[in-house]
Amino acid sequence: MTVYFIGAGPGAADLITVRGQRLIERCPVCLYAGSLVPAEIVASAPDGAIVLDTASMHLDQIIDEMARAHDRGQDVARVHSGDPSLYGAIGEQMRRLDALGIPYQVVPGVPAFAGAAASLASELTLPDVSQTVILTRVSSGASPMPQSESLEILGRSKATLALHLAMKSLPAIAEALTPHYGADCPVVVVHRATWPDERIVATTLGEMVERLAHEDIRRTALIFVGQVFGEARFRDSRLYQAGFSHYRREASE
């Protein structure tokens, strides 16, 4: 018996991996985060499977279901949104499973920032503009941020920022980042990336707070900050230039 932590992707039901979908189709127990995982993804669970939405369950209840499945010798599909390695809250579940001697594996998924970037048809790293993407969030009651990872510190890099779980902190974000990025720095908010009701709002750091005050966007939104989203001037990558050689191609004159 194994518990499979499966990344369901950013929202669109067909963005789950083939491996993840096949596991859901064969596991007799399926526990999914229903507040963020579309019901269509777990609709392929086998006939007679135990399918539970864990949105209203606390950690002990979730682990109890896994332990009961273990006693029955039944595999469990534990389905999380995005990729389990990013804000997936799987660490504490795995710690409990270790203590119980229950084996588990992790199946990666498409992270929310990748789904949002695809919706924007944007490259998050452009030559001479930004070669670094920082995935971060802001402090909340559930999870405070380490002092060394404050936006004031991270903003000094001027890298492309992907802010998760941050819609309630727009004034603080603007205050922390404007000294480093400038008030005219592009900001793009992607609400429910890849879902049928996806919404995209483009603004700037200076206008972000007022602009988004008129939008009904509270949760499941990703905030991008960076010059890659503006009219950035950048050179072509050398990778495909005729005069650049690598192990698969000789440079041409």
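Residues numbered from 1 in each chain as written. Predicted model: local features only at pLDDT ≥ 70, side-chain atom pairs only at ≥ 80, totals over all residues. Heavy atoms only, no water.

Turning our eyes to something else, we now look at the nonpolar core. Ile-173, Val-189, Ile-223 and Val-225 are the most contacted members of the largest nonpolar core, which has 26 residues in total. Put simply, the parts of the chain that give this core at least two residues each are α6 (151–154), β7 (160–164), α7 (170–181), β8 (186–191), α8 (208–212) and β10 (221–225). The biggest single contributor to this core is α7, with 6 residues. Filtering out sequence-adjacent residues up to four positions away, Val-225 remains in contact with Ala-159, Thr-160, Leu-161, Leu-163, Leu-177, Tyr-181, Cys-185, Pro-186, Val-187 and Leu-205. Core analysis: the second largest hydrophobic core is formed by 16 residues, Ile-16, Ile-24, Ala-33 and Ala-77 among them. (Core = buried A, V, L, I, M, F, W, Y, C linked by side-chain atoms within 4.5 Å. Buried < 20%, exposed > 50% of the residue type's maximum accessible area, 1.4 Å probe, protein only. Helix = DSSP H or I, 4+ residues; strand = E, 2+ residues; numbered from the N terminus. Contact = heavy atoms within 4.5 Å.)

Let us now look at unusual backbone geometry. Phi at Ala-121 is positive, roughly 50 degrees, even though this residue is not glycine. Relative to the elements of secondary structure, Ala-121 occurs in the loop between α5 (112–120) and β6 (133–137). Ala-121 sits in the exposed class, given a relative accessible area of 72%. Even without glycine at this site, Lys-158 takes up a positive phi of about 60 degrees. Locating Lys-158 in the fold gives a position in the loop between α6 and β7.

The subject of this paragraph is the sheet that holds strand β5 (residues 104–107). What the 5 strands build is an open sheet, ordered β3-β2-β4-β1-β5; its pairing is parallel. What marks the edges here is a single partner per strand, and that holds for β3 (50–53) and β5. Put simply, the sheet's adjacent strands are angled 15 degrees from each other on average, direction ignored. Two elements, strand β1 (residues 3–7) and strand β4 (residues 76–80), share 5 bridges in a ladder whose sense is parallel. Bridge pairing links Tyr-4 to Ala-77 in β4. Against the sheet, helix α1 (residues 18–26) makes contact with β1, β4 and β5, and its axis sits at roughly 135 degrees relative to β1, the strand it touches most. Lying over the sheet, helix α3 (residues 59–72) contacts β1, β2 (29–32), β3 and β4, oriented at roughly 165 degrees with respect to β2. (Pairing = 2+ DSSP bridges. Axes fitted to C-alpha atoms, helices over the stretch in contact; angles between N-to-C directions.)

Here the chain is described as being made up of domain 1 (3–107) and domain 2 (112–229). Once you take the C-alpha centre of each, domain 1 and domain 2 turn out to be 29 Å apart. Taken together, the contact between domain 1 and domain 2 spans 10 residues of the former and 11 residues of the latter. Here domain 1 packs against domain 2, burying approximately 850 Å² in sum over the two surfaces, 70% of which is carbon and sulfur. Linking domain 1 with domain 2 are 0 salt bridges, by the criterion used here. Scanning the region where domain 1 abuts domain 2 turns up 3 residue pairs in polar contact (both at pLDDT 80 or more). For the side of domain 1 that touches domain 2, a count of residues per class yields 8 nonpolar, 2 polar and no charged. (Domains from an automatic or database assignment. Buried area = accessible area lost by both parts, 1.4 Å probe. Salt bridge = Lys/Arg side-chain N within 4 Å of Asp/Glu carboxyl O. Polar contact = N/O pair within 3.5 Å; in protein donor to acceptor, adjacent residues only side chain to side chain. Nonpolar A, V, L, I, M, F, W, Y, C, P; charged D, E, K, R; others polar.)

Within this structure, the stated rule accounts for 6 salt bridges. The salt bridge partner of Asp-60 is Arg-96, with a shortest N-O separation of 2.7 Å. Taken as a pair, Asp-60 in helix α3 and Arg-96 in helix α4 (residues 91–100) lie far apart in primary sequence, 36 residues in all. Among the salt bridges present, the one from Arg-192 reaches Asp-197, with a minimum N-O distance of 2.8 Å.

Bringing α1 into the picture now. For α1, the full list of buried residues reads Gly-20, Gln-21, Leu-23 and Ile-24. Around the axis of α1, the buried residues are gathered within 160 degrees of arc, so they sit on the same side. More than 90 degrees from the buried face of α1, the exposed residues found are Val-18, Arg-19 and Arg-22. Next to the buried residues of α1 lie β1, α2 (39–42), β4 and β5. (Arc of directions from axis to C-beta.)

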